[in-house]
Amino acid sequence: MIKGFKEFILRGNVIDLAVAVVIGAAFTAIVNAIVNGLINPLIALIFNASSLDAVGWTVVNINGEKVFFGFGMIVGAIINFLAVAVVVYFVFVYPMNRIKERAAARAGVTPADEEPKLPTEQELLVQIRDLLEKQPGR
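Because the structure is a prediction, the values reported are computed rather than measured.

Rules used in this analysis
- Numbering of residues begins from 1 in every chain and follows the order in which that chain's sequence is written.
- Given that the model is predicted, a residue must reach a pLDDT of at least 70 before its local features are reported, and side-chain atom pairs must reach 80 or more before they are shown or counted; all residues, however, enter totals for whole chains, interfaces and linings.
- Processing note: side-chain calculations cover all non-hydrogen atoms of the structure and skip hydrogens and water entirely.
- We count a salt bridge whenever a side-chain nitrogen from Lys or Arg sits within 4 Å of a carboxyl oxygen from Asp or Glu.
- Counting from the N terminus, the helices are DSSP H or I runs at least four residues long and the strands are E runs at least two residues long.
- Burial here depends on accessible area, computed with a 1.4 Å probe over protein chains only, as a share of the maximum for the residue type. Under 20% is buried, over 50% is exposed, and the range in between is partly exposed.
- Classification of ring pairs uses Phe, Tyr and Trp, with its six-membered ring standing for Trp, and accepts pairs whose centres are within 6.5 Å; under 30 degrees between planes counts as stacked, over 60 as edge-to-face, and the remaining range as tilted.

A. A look at the pattern of salt bridges. Across all of its chains, the model carries two salt bridges by this definition. Across the salt bridge formed by Arg-98 and Glu-101, the nearest N and O atoms sit 3.7 Å from each other. Taken together, the residues span about one helical turn, with Arg-98 and Glu-101 both in helix H3 (residues 71-107) at a distance of three residues. Residue classification places Arg-98 among the partly exposed positions, given a relative accessible area of 34%.

B. Representation of the packing of aromatic side chains within the structure. Taken as a whole and judged by the stated rule, the model has three aromatic pairs. Residues Tyr-89 and Tyr-94 carry aromatic rings whose centres are separated by 6.2 Å and whose planes lie at 45 degrees to one another, so their mutual orientation is tilted. Residue classification places Tyr-94 among the partly exposed residues on the basis of a relative accessible area of 39%. Aromatic ring contacts, followed pair by pair, group Tyr-89, Phe-90 and Tyr-94 into a single cluster.

Now the structure itself:
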């Protein structure tokens, strides 16, 4: 039992996952800082971002109590998500893809070299037909 656990822990996948979780936590702090320090103030220039939480409908329920349906919070969450996605893509993903492309170009690997082109269905059918015609007894 201990040996199996040791093999599981020392497997590369578990260590990579642990590193990814730690890096992800640190990365979250960076993205939140960019969104809170740059993106949200830009949104506040256009909209009154602090009032989004107060946007919604108030309805009286059957007991006479007020119930607030705050769709402004949803809109704010969507704007925040899109802001985070934009920051992650343009600050991290896009530059990393460009670096990988340049490294592949220096190594002489082109995208066509990475994935061989598979024959189409029509080409395969023609090959099958030709092979069947070559069989003896036809």
